[in-house]
Each structure stands twice: as C-alpha cells, then as structure tokens.
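Chains, contacts and geometry: an overview
Read off the chains here:
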Amino acid sequence: MNSVLIQNGRIVTATDDYVGDILIRDGVIEAIGHHLPAENAEIHDATDLLVFPGGIDAHVHMETPMGNGVYTCDTFESGTISAAFGGTTTIIDFAQQFHNDSPKAALDRRLAAAAPQCCVDYAFHVILTDVNPSSLGELPDLINNDGVSSFKLYMAYPGVLMVDDAAIFKTMRKAGSHGGMALLHAENGLVIQALIEEALEEGNTSPKFHQMTRPSLMEGEAAHRVIRIAELAEVPVYIVHLSAEEALAAVVEARDRGIHAFAETCPHYLFLDHSEYDRPDFEAAKYVMTPPLRDHHCQHALWRGLKFDDLQLVATDHCPFCFNENPLGILKSKQYGRENFNKIPNGAPGVELRLTLLYDGGVRTGRINLNRFVQLTATAPAKMFGLFPRKGAIAPGSDADLVLFDPNATHRISASNHHSLVDYSLFEGREVTGKVRKVFLRGQCIVDGEQWLGKPGMGEYLPRKASGRVL
C-alpha cells in the first residue's frame with residue numbers, strides 16, 4: 001500500500017466536526033486538510049458522508065466456551081467480519097482462566113485461536129475465576145509485557161464463574177498497582193441462585209423466569225458493593241453491561257464523590273424492554289441475556305447516563321447463540337435450554353448493529369449529538385482501555401481506521417442480511433436511518449457497500465497501556 005486519499009467527507013471526532021480530506025500512507029493518517037494532493041493515491045469520494053473513527057467494541061465473546069460444551073456460534077472470523085460491516089474495526093474479547101489454570105495460559109490459548117482468523121484488530125481482557133497467589137503473581141507480567149490491562153471478575157454464577165469479595169479486592173490491589181483495572185459482572189449471584197431454585201421447584205421453566213429471577217435490585221446491590229471495595233482498594237473499577245437504574249445510581253453517587261467508577265451499557269438495554277419476555281412459546285429465549293432486559297422506565301435513566309457521562313461507553317456484549325438447533329447444532333443453540341430457563345445459553349448478538357442503532361435512536365432523536373456518538377463508540381473505549389491515540393481518533397499518526405457513514409440511508413434490520421452466523425436478530429424488521437458505506441482498517445478498504453474486501457488474519461493483536469486512567 002502506498003497512499004489513500006479520502007476526499008470531501010464530513011469528519012466527525014469526539015471534539016471536531018468539519019469537511020476535509022484525509023491522506024493515509026502505510027496505514028497511518030499522514031495529513032488532514034483541504035485539497036490535499038492525490039498523486040498516485042487510491043481515492044475515495046466521501047461527499048455527503050460522515051467520516052468517523054473506526055468503532056471499538058470493548059465487550060464481545062467470539063467462539064467462547066460457556067460450560068457443558070456450549071459455545072457461542074460466531075467464530076473469530078465470522079464475528080469480526082460482522083463487526084467490520086457494522087463499522088467496528090477493533091474488538092476486545094475475553095480470555096477465560098479456568099480452575100487450576102493460569103491467566104497467562106488463558107491468554108495464549110485465545111491468541112492462538114484469534115491470530116489466523118481475525119479480520120479486524122483485537123485485544124483481550126482476562127477473566128479470572130481462580131484467584132490465588134500464583135494467578136495474582138502473573139498479573140504484573142500480563143500488564144507490563146503482554147499488554148493486558150483489564151481483568152474481569154464475576155459476582156454471579158456461583159460454582160462456575162463467581163469469585164468472592166476478598167478475591168475481587170486482592171485482584172484490584174494487585175492489578176491496580178501496575179496500571180490494570182478490574183471489570184465486574186455485577187449481580188448478587190447467591191441471592192439470584194436462590195430465586196432460580198425457588199422458580200424451578202415451583203415448576204416455572206419458561207424463558208420469562210430468567211428475567212424474573214434476576215431482579216434489578218440485585219444488580220444495584222452488587223454495583224454498590226463492588227464500588228465500595230474499589231474505593232477501599234483505591235483503584236478504578238468498571239462495571240460491564242449495566243442495565244438497571246439502581247446500578248446506575250450507585251455509579252452516579254460514587255462519581256459525585258470523586259470515585260473512579262466507570263460503566264458501559266449495551267444497545268439492547270437502550271432500545272428493548274422486558275415485554276420481550278412475553279413472546280409466545282420459546283421465542284422469548286432469543287432475549288435471554290444477563291443481565292436481562294429491564295422495564296421501559298430504565299431506558300430513560302440509561303440515556304441520561306450516556307448524555308451526562310455517568311455511563312462512559314456503549315459496547316454490545318456480542319454473545320450469540322442460534323435460536324434453531326440446525327445447522328450449527330444444539331451446543332450453539334438456545335434450544336439447549338428448552339426445558340429449563342436456567343440452561344438457556346445466556347447472550348445475544350449485536351456487534352454489527354451498534355453504530356446504526358445509536359445513530360438512528362440516539363443522534364437522530366436528539367438524545368446525543370454526533371461528537372458524543374463518536375466518544376461513546378470509539379474514543380472513550382480507546383482511552384478507557386489503553387489504545388488511544390493509536391485508535392479512537394482521526395489525527396496525524398493515528399491508525400487509519402475509518403468509517404464512511406451515510407446519515408440518510410434508510411434500511412430494515414434483518415437476520416437475512418447480516419454477516420454473523422447467528423440465525424436471528426434482536427431487532428428484526430426495525431427500520432433505521434444511517435448506514436455504513438465503507439470501512440478502512442489501517443488504510444485498507446475492507447468493506448465497500450455490500451462487498452467484503454478483507455481477509456482472515458489481517459487483524460493485529462493490540463497490546464494495551466494502562467486502563468481506567470484517562471477519560
């Protein structure tokens with residue numbers, strides 16, 4: 001590759017909004033200006049299009065084992081192709097430590113799986129499930145040498161993923177002292193488990209009981225508790241997939257006191273509510289994710305949180321399982337839990353729709369402006385997780401990860417035309433305005449309309465700097 005010139009686009013960053021040209025050389029933005037010379041350059045006309053930094057989805061689960069042989073249905077290849085068509089050029093996935101396993105081994109396994117497949121750039125958070133002196137001792141090296149500066153811990157799923165409060169505290173202290181940050185799945189797992197057992201004892205097995213046994217109060221309690229633990233440890237804390245108003249209130253209260261408490265939410269919490277669990281037969285299983293969808297009133301609180309920076313970014317928690325058993329099999333299907341809501345694989349698709357949904361339902365409705373849109377989808381994730389300014393920016397020296405976006409194109413969301421392997425969409429039939437036209441990864445056009453120009457293995461692993469330090 002020599003040079004690429006994107007001409008006459010409306011360039012929108014987290015702080016700027018202007019019309020100009022972008023000159024790219026060897027995958028990096030070299031210059032921004034008007035009437036830049038185009039000699040020997042590959043030219044792309046962006047007239048009447050918005051030009052955004054490539055999106056960063058900081059929470060995805062590609063080809064992830066979920067226990068009992070169950071796996072998410074997207075491979076690293078299919079999932080990153082889907083991400084690219086949605087304007088996302090960087091994903092942060094997870095490397096899970098199993099019991100009697102090491103965090104370093106977990107990372108090495110995922111790197112080996114991702115490297116030959118990923119079509120966009122990628123990084124990993126490490127999930128800790130066995131917090132002991134040996135695993136804690138590996139954290140400084142993971143941060144300083146492997147570029148992993150964020151570690152996820154679960155307060156839910158006792159006996160499988162859940163760790164206790166002491167383990168959370170110890171992890172925070174060890175990681176935080178080296179520039180790392182703890183990510184928390186915040187739900188009171190023990191109380192929820194008691195509610196699940198009660199429901200099953202009473203013969204309640206349908207999907208709607210997934211929502212009924214995971215009350216918002218227990219998300220709020222866990223968020224409050226873990227923020228207090230982080231306050232004691234004197235380190236930043238990040239709450240993943242925040243869905244409940246009670247949990248948001250805990251974040252707001254902490255931030256008002258100057259505590260470094262951060263949180264993300266997801267598009268399904270912004271645009272869907274618990275009425276989806278009233279769908280007939282087993283259809284509600286499509287909406288079984290954790291935390292579950294909340295009531296409509298909660299959406300107003302989440303949008304307010306996004307507007308006033310009490311929620312710092314929007315990720316998708318892309319964790320797809322097919323609805324039907326065929327063609328990928330029962331172990332990649334919601335049908336695995338047809339007889340018991342507690343066995344329905346938890347998770348839903350979303351990586352391809354994040355930018356379009358936020359533009360249509362956020363920018364066009366006046367809930368957020370264009371600069372805030374870019375902040376939530378690209379710049380804040382880059383800063384939060386140690387990728388800025390290489391990623392999340394349109395500036396000389398930054399990677400030329402760029403999205404050309406048509407703000408006026410209207411289309412209908414359907415599983416029939418998305419690029420994930422999952423066989424349904426949470427937003428089937430929804431008409432939206434705003435569509436990704438072209439996507440560039442380090443200066444190479446990988447999406448051109450409906451044409452895929454990328455290839456497996458072109459994504460690069462991204463070692464990261466400190467997390468939770470700059471916003």
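Let me sum up the structure you'll find in this document.

This part takes up the overall build of the chain. Assigned secondary structure in the chain consists of 12 helices and 17 strands. Along the three orthogonal principal directions, the C-alpha set of the chain runs to about 70 × 50 × 40 Å. Classification of the 471 residues of the chain by burial places 61% in the buried group. Taking the intrachain contacts of the chain between residues at least 6 apart in sequence as the baseline, contacts between residues at least 24 apart amount to 76%. Summed over its atoms, the accessible surface of the chain is roughly 17,300 Å², and 49% of this surface lies on carbon and sulfur atoms. Computed over 41 positive and 59 negative side-chain charges, the inter-centroid distance for the chain is 2 Å.

With that settled, consider the state of the cysteines. Taken as a whole and judged by the stated rule, the model has 0 disulfides. Note on C73: no disulfide assigned, nearest cysteine sulfur contributed by C322 at a separation of 4.0 Å. Given a relative accessible area of 1%, C73 falls into the buried group. In this structure C445 is a free cysteine whose sulfur lies 14 Å from that of C119, the closest cysteine sulfur available. For C445, a relative accessible area of 8% translates into the label buried.

Here helix α12 (residues 370-384) contains 15 residues, and its C-alpha end-to-end distance of 20 Å stays within 8% of the 21 Å for a straight helix at 1.5 Å per residue. The largest bend along α12 reaches roughly 50° and is located at L376. Counting buried positions along α12 gives 13 out of 15 residues, so the element sits mostly inside the fold. In the stretch just after α12, G386 is the one whose phi turns positive, near 75°.

Turning to the pairing of strand β5 (residues 50-53), a few remarks are in order. Alignment of strand β1 (residues 3-12) against β5, held across 2 bridges, turns out to be parallel. Residue pairing for β5: I11 is matched across the bridge by V51. Taken together, the 4 bridges between β5 and strand β14 (residues 402-412) define a ladder with antiparallel strand orientation. Residue pairing for β14: P53 is matched across the bridge by L402.

Moving on, we get to the layout of surface pockets. When its volume is computed, the largest pocket comes out at roughly 970 Å³. Around the largest pocket sit 41 residues that line it, and M66, Y157, V160, L161 and N346 are the ones nearest its centre. Secondary-structure elements contributing two or more residues to the lining of the largest pocket are β9 (150-154) and α5 (189-201). If you tally residues by element for the lining of the largest pocket, the top one is α5, at 4 residues.

Attention now moves to unusual backbone geometry. Following T290, the chain continues to P291 via a peptide bond in cis, the omega torsion being -5°. Among the secondary structure elements, P291 is positioned in the loop between α9 (267-271) and α10 (296-307). The step from F388 to P389 runs through a cis peptide bond, and the omega angle for that step is 5°. With respect to the helices, strands and loops of the structure, P389 is situated in the loop between α12 and β14. Backbone geometry at N40 places phi at a positive 65°, although glycine is not the residue there. One can find N40 in the loop between β3 (28-33) and β4 (42-45). Phi at N100 is positive, roughly 60°, even though this residue is not glycine. Checked against the element boundaries, N100 lands in the loop between β7 (88-96) and α2 (103-114).

A word on the pattern of salt bridges. Applying the stated criterion across every chain, the model contains 29 salt bridges. Across the salt bridge formed by K391 and D401, the nearest N and O atoms sit 2.6 Å from each other. Within this pair, whereas K391 is found in the loop between α12 and β14, its partner D401 is found in the loop between α12 and β14, the two being separated by 10 residues in sequence. Residues participating in the shared-partner salt-bridge network are D121, R390, K391, D399, D401, R442 and E460.

What counts, and at which threshold
Residues numbered from 1 in each chain as written. Predicted model: local features only at pLDDT ≥ 70, side-chain atom pairs only at ≥ 80, totals over all residues. Heavy atoms only, no water. Helix = DSSP H or I, 4+ residues; strand = E, 2+ residues; numbered from the N terminus. Buried < 20%, exposed > 50% of the residue type's maximum accessible area, 1.4 Å probe, protein only. Contact = heavy atoms within 4.5 Å. Areas by Shrake-Rupley, 256 points an atom, 1.4 Å probe, with all protein chains shown as cover. Lys, Arg positive; Asp, Glu negative; His and termini not counted. Charge placed at Lys NZ, Arg CZ, Asp CG, Glu CD. Disulfide = S-S within 2.5 Å. Expected span 1.5 Å × (residues − 1). Bend = angle between axes of the 7 residues up to and from the residue. Pairing = 2+ DSSP bridges. 1 Å grid on protein atoms, 1.4 Å probe; cavity = no way out; pocket = protein on both sides within 12 Å on 5 of 7 lines; lining within 4 Å. Points joined across faces, edges and corners; volume = space filled by probe spheres on them. Salt bridge = Lys/Arg side-chain N within 4 Å of Asp/Glu carboxyl O.

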